[in-house]
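So you can see what is in the structure, the chains are spelled out below.
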Amino acid sequence: MSLDFSVLDRFQAALALGLWTTIKLTFICVVLGCSLGFLVGLARASSNVLLRAVSSVYVEFFRGTPVLIQLFWIFFCLPLILGVELSNLASGVIALTLYMGAITSETFRASLKSVGREQFDACVALGLPKRVQITSVVLPQAVLRAVPTLLSNCVSLFKESALVSAVGMADLMFVGQNISNNTARPVEVLTIVALIYFAIAFPLTRAVTLVERRILKKLAI
Amino acid sequence: MNYTFDFQSVSLAPLFDGLLVTVQLTVAANIIGIVLGFPLALLLMSRLAPVRLPAMLFVEFFRCTPAIVQIVWFFYCVPMLFNVFLGSMTMGVMALGLNLMAFNAEVYRAAIQAVPREQLDAGIALGLNPLQRVLYIVLPDALRASVPVLLTNGIVIFQQSALVAIVAVQDLMYQAKTLSTETYRPIETFTIAALIYFAVSFPVTQIVGHLERRRQAITS
């Protein structure tokens with residue numbers, strides 16, 4: 001078969017609009033999801049049994065089920081339960097934020113754990129109050145260590161955001177599938193869509209490696 | 001909220017049929033991923049750029065595009081480009097298997113590169129030839145180190161396999177979608193389907209956690 005990429009010329013604006021939706025969705029969910037993940041990460045390390053149990057169930061459930069089914073659940077079931085109509089964007093944001101919250105909470109938890117026992121002992125020896133211990137000793141190190149993994153979580157979220165096309169949100173994937181159906185040129189259109197995703201995700205993953213190296217150097221470990 | 005739950009109207013039989021398909025897809029994709037991921041990792045570490053670069057491109061492409069794009073691309077484009085028409089199950093296995101192969105290759109590569117330099121030096125000091133060094137020093141260590149991550153990736157593929165529902169492979173997700181439109185009971189159906197997914201993947205993640213803790217206890 002012969003390939004003809006010029007069919008895409010007419011659809012540049014549509015693809016750009018889809019990409020914009022994807023980026024917007026990713027950005028909102030990165031901000032909300034990281035904040036949620038941070039709180040949940042703290043909750044999972046707390047001494048309160050109830051708080052720990054609830055946060056663990058939340059994280060395990062969202063990590064143990066496909067994102068697609070989470071999306072379907074929130075798109076179709078949440079409005080029924082709440083009795084309110086949710087816009088596409090709102091449902092997408094809720095679903096992906098909950099997903100992002102679950103995966104980043106694990107990142108924060110691991111980085112909190114990685115702060116060595118001896119640092120706490122040193123704080124005690126120096127007679128630092130609990131508040132100073134947390135804000136000046138534990139958090140700066142933990143957050144710094146979390147940065148590379150958080151970045152790769154963001155890349156994961158960017159990729160998972162393509163799933164919202166399955167519930168009819170007009171993101172890059174959805175627009176691409178529509179164009180490919182209308183023009184009957186799936187090879188060209190879907191390849192371009194894949195390349196657009198690649199062009200964004202690939203530099204980000206490279207950046208993760210660079211940032212990781214710099215932080216490791218800074219922490220001197 | 002004034003919704004009355006009715007779990008009775010959701011029949012479980014189609015869901016379990018779907019689960020069987022999902023498990024078959026997962027197992028087949030894992031066989032491809034675990035077996036072929038290894039030679040791919042060796043290509044990734046080759047000193048020859050013409051060997052290394054295509055392998056890197058392959059891996060990065062699968063790692064940097066959404067799985068749903070890969071699956072839809074595979075189902076639409078492979079038949080058109082290569083003029084082959086395979087069953088949807090075969091296509092699903094191939095798409096998921098190639099994806100897993102890319103991710104597992106990175107796992108193997110990291111594990112091989114994590115074998116400490118001094119162990120290789122010790123091998124040279126003992127007069128082992130390069131093949132012996134690889135077989136007796138690098139591989140046993142690297143393979144053991146990669147087991148937990150391979151299992152995690154296997155479970156990720158189990159979850160990603162839900163994506164084939166979009167291209168009409170009748171897996172658990174597909175059956176759940178069909179059932180929810182037939183019964184008008186989306187909440188009950190999707191909740192049960194989610195619980196089934198969870199019931200399979202949760203024990204495996206626990207095993208992975210256990211393996212990792214044991215390994216840490218041994219190595220430290």
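Residues numbered from 1 in each chain as written. Chains lettered and ligands numbered in written order. Predicted model: local features only at pLDDT ≥ 70, side-chain atom pairs only at ≥ 80, totals over all residues.

Enquirer: Before we move on, could you go through the overall build of chain A and cite the residues and values that matter?
Expert: Counting its regular elements, chain A contains eight helices and zero strands. Seen in sequence order, chain A has helices and strands lined up from the N terminus as α-α-α-α-α-α-α-α. Dimensions of chain A, computed from the C-alpha atoms along their principal axes, are close to 75 × 45 × 25 Å. A burial count over chain A gives 41% of its 221 residues as buried. In chain A, 78% of the contacts between residues at least 6 apart in sequence involve partners at least 24 apart. (Helix = DSSP H or I, 4+ residues; strand = E, 2+ residues; numbered from the N terminus. Buried ≥ 20, exposed ≤ 12 C-beta atoms within 10 Å, placed from the backbone. Contact = placed C-beta atoms within 7 Å.)

Enquirer: Talk me through the interface of chain A and chain B; I want residue IDs and the actual numbers.
Expert: Contacts between chain A and chain B engage 34 residues on the former and 31 residues on the latter. At the level of secondary structure, the elements contributing two or more residues to the side of chain A that touches chain B comprise helix H2 (49–64), helix H3 (67–82), helix H6 (130–160), helix H7 (172–183) and helix H8 (186–219) of chain A. At 10 residues, H8(A) tops the list of elements feeding residues into the side of chain A that touches chain B. Within the side of chain A that touches chain B, the residues separate by chemical class into 25 nonpolar, six polar and three charged. (Nonpolar A, V, L, I, M, F, W, Y, C, P; charged D, E, K, R; others polar.)

Enquirer: An account of the confidence of the model for chain B is requested, with residue identities and associated values reported.
Expert: Of the residues in chain B, 99% have a pLDDT of 70 or more, and the chain-wide mean is 89. Predicted complex, confidence summary: ipTM 0.86, pTM 0.88. (pLDDT = per-residue confidence, 0-100.)

Enquirer: Tell me about the environment of A:Ala142, residues and numbers included.
Expert: Residues and elements named next belong to chain A. The residue alanine 142 is located in helix H6 in this model. Given 21 C-beta atoms within a 10 Å radius, alanine 142 is considered buried. Taking the C-alpha atoms as reference, alanine 142 lies 16 Å from arginine 213; in sequence the two are 71 residues apart.

Enquirer: Account for the nonpolar core, naming residues and giving values.
Expert: Formed by 107 residues in total, the largest nonpolar core has its most connected members in A:Leu68, A:Ile69 and A:Leu71. Broken down by element, the residue count for this core peaks at 13 residues, all from helix H4 (residues 88–113) of chain B. With near-sequence residues (within four places) excluded, A:Leu71 lies in contact with A:Ala95, A:Leu163, A:Val164, A:Ala166 and A:Val167. (Core = buried A, V, L, I, M, F, W, Y, C linked by C-beta atoms within 7 Å.)

Enquirer: Explain helix H2 (residues 49–63) of chain B to me, using residue names and the numbers behind them.
Expert: Residue and element names in this part refer to chain B. With 15 residues, H2 should reach 21 Å at 1.5 Å per residue; the first-to-last C-alpha distance of 20 Å fits that figure. Turning to H2, its buried residues are Ala55, Val59 and Phe62. Across the axial projection of H2, the buried residues extend over an arc of 65 degrees, all falling on one side. Exposed residues on H2 whose side chains face more than 90 degrees from its buried face are Ala49, Pro50, Pro54 and Leu57. Tucked into the core, H2 has its buried residues touching helix H1 (13–44), helix H3 (67–82) and H4. (Expected span 1.5 Å × (residues − 1). Arc of directions from axis to C-beta.)

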